[in-house]
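Inside the fold
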Amino acid sequence: QVQLVESGGGLVQAGGSMRLSCAASGRTFSTYVMGWFRQAPGKERDFVAAIRGSGDTYYVNSMKGRFTISRDNTKNTVYLQMNSLKPEDTAVYYCAAQYEGYLGLWSLATDYAYWGQGTQVTVSS
C-alpha cells in the first residue's frame, strides 16, 4: 500500500508560479511511477505529467515548458512546479502512483492504483 498526501495548492494570480508536493509512504518509492493529474469542475480527470523512478519524464504537450515534474527519492516526494499559470489551470490537482512494472499507459488515470486526496489550485485573472 502507498499513501499519498499532496500539499502546496492555493490561490495565485495569472502569470504566477506554484509548486505542488506529494509525499508518499513506503520504502520502495523509487520503484513507482508518479503522476500528476488535474480535474476542473464538471470535467474529466486529465493527465498532466509523470516521472519514473529513474527520472524519465512524460508531459502532456500543452504543458511542456510551463510545468516541470521532479522527484526526490530520498524524501519519497514528487513535485510539480507550475509557471506562467493561467485561469484555465484552475483545478484540483491529484498525485498518483503505480508500481512501474504494472503501469500501462502513463497518461491513463485508470492505470494508477494509488491516489492522493487532491489539492485545489485556483488561478485568478
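This write-up is about the structure you can find in this document. Numbering of residues begins from 1 in every chain and follows the order in which that chain's sequence is written. Reporting of local features is limited, given that this is a predicted model, to residues whose pLDDT is at least 70; pairs of side-chain atoms are given and counted only at 80 or more, and all residues count toward the totals for whole chains, interfaces and linings. Each side-chain value is worked out from all heavy atoms of the structure, with water and hydrogens disregarded.

Here the focus is the environment of Tyr79. Strands are runs of DSSP state E lasting at least 2 residues, helices are runs of H or I lasting at least 4, and numbering of each runs from the N terminus. One can find Tyr79 in strand β8 (residues 77–82). Judged by relative accessible area, Tyr79 falls into the buried class, the value being 13%. With 14 residues separating them in the primary sequence, Tyr79 and Tyr93 have C-alpha atoms 12 Å apart. When neighbours within four sequence positions are excluded, Tyr79 is seen to be in contact with Arg19, Leu20, Ser21, Trp36, Thr68, Ile69, Ser70, Arg71 and Asp72. For every residue, the accessible area obtained with a 1.4 Å probe (protein chains only) is divided by the maximum for its type, and the residue is called buried under 20%, exposed over 50%, and partly exposed between those limits. We call two residues in contact whenever any of their non-hydrogen atoms come within 4.5 Å of each other.

For Phe, Tyr and Trp, rings pair up if their centres lie within 6.5 Å, where Trp contributes its six-membered ring, and each pair is then called stacked (planes under 30 degrees apart), edge-to-face (over 60) or tilted (otherwise). Applying the stated criterion to the full structure yields 10 aromatic pairs. Taken together, a centroid distance of 5.0 Å and an interplanar angle of 70° make the contact between Tyr99 and Tyr102 edge-to-face. A relative accessible area of 34% means that Tyr99 is categorised as partly exposed. Plain terms: the ring middles of Tyr112 and Trp115 are 6.3 Å apart, the flat faces sit at 65° to each other, and that makes the pair edge-to-face. In this structure Tyr112 comes out as buried when scored by relative accessible area, which is 4%. Classification of Trp115 by relative accessible area gives partly exposed; the value is 26%. Through a chain of ring-to-ring contacts, the aromatic side chains of Phe37, Phe47, Tyr58, Tyr94, Trp106, Tyr112 and Trp115 assemble into a single cluster. The aromatic ring of Tyr94 is capped on one face by Arg45, whose charged end is 3.6 Å from the ring centroid. We call a charge positioned above a ring when the Lys NZ or Arg CZ atom is no farther than 6 Å from the ring centre and deviates by at most 35 degrees from the ring normal. Here the guanidinium or amino end of Arg45 rests over the ring plane of Trp115, the centre of that ring lying 4.8 Å away.

As summarised here, the arrangement of the 4 strands in space is β1-β3-β8-β7, forming an open sheet in which the pairing is antiparallel. Looking along the sheet, the strands with just one partner apiece sit at the ends: β1 (4–7) and β7 (67–72). Across the sheet, the mean angle from the axis of one strand to that of its neighbour is 15°, orientation sign disregarded. Judged from the 6 bridges that link them, β7 and β8 form a sheet pairing that is antiparallel. Bridge pairing links Phe67 to Met82 in β8. When DSSP locates at least two bridges between a pair of strands, those strands are taken to pair. To get an axis, fit a line to the C-alpha atoms, keeping to the stretch in contact for a helix; angles then go from 0 to 180 degrees between the N-to-C directions.

Our next topic: the nonpolar core. Here, nonpolar core refers to any group of buried Ala, Val, Leu, Ile, Met, Phe, Trp, Tyr and Cys residues whose side-chain atoms link them within 4.5 Å. The biggest cluster of nonpolar side chains holds 29 residues, and the ones touching the most others in it are Leu4, Met34, Trp36, Leu80, Met82 and Tyr93. Only β3 (18–24), β4 (32–39), β5 (45–51), β7, β8, β9 (91–99) and β11 (119–124) provide two or more residues apiece to this core. Once you skip the residues sitting within four places of it in the chain, Met82 turns out to touch Gly16, Ser17, Met18, Leu20, Arg66, Phe67, Tyr93 and Val121.

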